[in-house]
Amino acid sequence: MGKFSIVQYFREQWKTLPICSGDVGSKAIMVVGSNVGIGLEACVHLARMKPRSLFTTCRDEEKCERTREVLMEHTGDDGAGITSMPLDLSSFDGVRAFAAMFTADARSDHGLNVLVANAGTLMQEYTRTDDDWEATFQVNYLSMVLLSILMLPHLVKASSSESPSRLVVVSSFGHHFGVGNLKNAAQWKSVLEIINDREFCKCYNADRYNMTKLFQIMFVRELASRLPSPTPVVACTVQPGFCRSNLFRGFDGKWYARTFVSLASVLFAARTSEQGSRTLVHAVVGDDELAMHGRYLSSCRVTEEDDYIFTPEGKAFSGRLWTETIDTLSKVDGRVPEIVKQYLRVD
């Protein structure tokens, strides 16, 4: 896409997306954020393909149990291959505990073939987590990166030369609108400190979500550039389009916000969650996976990210973001620098 185009946007929103299928009988697949929206719908599609193991994650035990029941209802499955596990991305300790729990699970012995990092949040107000990070930034970006790094050994373990594992990060066309906030980024002393600053977030309140989606794309590109060749893990980002989903659940308390979202869904030809989920399923089972590596997928095909990412300024910012992110997360969990050293090429 390069630059956002309203004409191209509607072309994609109106496009009929394929329902992909594949042989996943020997594979272990994990979908983060599985209890609602495109995450749940993707799990329904995947569960019908009968993977060896389907791991779903939700924020708490109650949602986990309900998700497993819904999947069994939709697929007629007895649930033997479905495991639902609690994962709270608003807490670094929650991510670390989840990674430890997965490692201890006997079904992780053969590794993990696919990780779909789908969970995300869109906050109306500036909110800090217990880890002292702005909530949208931590959930959508920092915790997503931490989870991806901690799960990397499992992805590599399950990989083969004929069938590399896959890391699928769910981004958004909204990343185009996050670029404008980085005009003076070259002068920032610390990228993460500025992004987390209350005053910066106040200035760009509406764009926090879009910025995190831009950062996700940058992370995947940086990760892909550091994985060995041939890669044991195909990493890509997927944008599912504008969907009628639970992303705007934080707006439920205000009637005017609900009205705006409902009106926007009509005016901007929102997809159903099931239609949007097809883009995730394509990234999981679609052919020619190596063509997806390090790339951005839209409407089930590889396309271009925002032009900014390819400029000298964008490349410099992306490199700084990677370095600061890894340094910060290395202090959160000592396994991060060890995994980076073992599995990634050094700059």
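Structure: above.
Residues numbered from 1 in each chain as written. Predicted model: local features only at pLDDT ≥ 70, side-chain atom pairs only at ≥ 80, totals over all residues. Heavy atoms only, no water.

Caption draft 1: Quick look at empty space enclosed by the protein. For the structure on display, the rule yields 3 cavities of 30 Å³ or more. Within this model, the largest cavity holds a volume of roughly 60 Å³. Lining the largest cavity we find Glu-134, Thr-136, Phe-137, Ile-195, Phe-200, Cys-201, Arg-208, Met-211, Thr-212 and Phe-215. Elements supplying a minimum of two residues to the lining of the largest cavity: α5 (135-158), α7 (198-203) and α8 (208-226). Sort the elements by how many residues they give to the lining of the largest cavity and α8 lands first, with 4 residues. Each residue belonging to the lining of the largest cavity can be placed in one class, and the counts come to 6 nonpolar, 2 polar and 2 charged. (1 Å grid on protein atoms, 1.4 Å probe; cavity = no way out; pocket = protein on both sides within 12 Å on 5 of 7 lines; lining within 4 Å. Points joined across faces, edges and corners; volume = space filled by probe spheres on them. Helix = DSSP H or I, 4+ residues; strand = E, 2+ residues; numbered from the N terminus. Nonpolar A, V, L, I, M, F, W, Y, C, P; charged D, E, K, R; others polar.)

Caption draft 2: Here's a closer look at helix α11 (residues 312-332). Compared with an ideal rise of 1.5 Å per residue, which puts 21 residues at 30 Å, α11 spans 30 Å between its outermost C-alpha atoms and is within 8% of the ideal. Of all the positions in α11, only Gly-314, Phe-317, Ser-318, Gly-319, Leu-321, Trp-322, Glu-324, Thr-325, Ile-326 and Leu-329 are classed as buried. On the buried face of α11, the contacting elements are α4 (92-104), α5, α6 (191-196), α8 and α12 (335-343). (Expected span 1.5 Å × (residues − 1). Buried < 20%, exposed > 50% of the residue type's maximum accessible area, 1.4 Å probe, protein only. Contact = heavy atoms within 4.5 Å.)

Caption draft 3: Representation of the pairing of strand β2 (residues 53-58) in the model. Within β2, 6 of the 6 residues are buried, which leaves it mostly tucked inside the rest of the structure. Neither face of β2 is open: one carries Ser-53, Phe-55 and Thr-57, the other Leu-54, Thr-56 and Cys-58, and all of them are buried. Relative to β2, strand β1 (residues 28-32) is paired through 5 bridges, and the arrangement is parallel. Paired with Ala-28 across the two strands is Ser-53, which belongs to β2. (Pairing = 2+ DSSP bridges.)

Caption draft 4: How the structure looks around the nonpolar core. Core analysis: the biggest nonpolar cluster contains 67 residues, and Leu-112, Tyr-141, Leu-167, Leu-182, Phe-215, Phe-219 and Phe-317 have the highest contact counts within it. Beyond its immediate sequence surroundings of up to four residues, Tyr-141 is in contact with Thr-136, Phe-215, Gln-216, Phe-219, Leu-321 and Thr-325. Counting residues in hydrophobic clusters, the runner-up holds 31 residues, among them Leu-46, Met-49, Val-70 and Val-168. (Core = buried A, V, L, I, M, F, W, Y, C linked by side-chain atoms within 4.5 Å.)

Caption draft 5: Expanded view of the pairing of strand β6 (residues 233-239). Counting buried positions over the 7 residues of β6 gives 7, a clear majority of the element. Residues Val-233, Ala-235, Thr-237 and Gln-239 point to one face of β6 and Val-234, Cys-236 and Val-238 to the other, with burial holding for every one of them. Two elements, β6 and strand β9 (residues 296-298), share 3 bridges in a ladder whose sense is parallel. By the bridge assignment, Val-238 is partnered in β9 with Leu-297.

Caption draft 6: Seen up close, the environment of Leu-87. Looking at the secondary structure, you find Leu-87 in the loop between β3 (82-86) and α4. Leu-87 sits in the buried class, given a relative accessible area of 5%. Once the C-alpha coordinates of Leu-87 and Ala-99 are considered, the two residues, 12 residues apart in sequence, prove to be 9.2 Å apart. If we skip the residues at most four places from it in the chain, Leu-87 touches Val-32, Thr-57, Cys-58, Arg-59, Gly-94, Val-95, Phe-98 and Leu-147.

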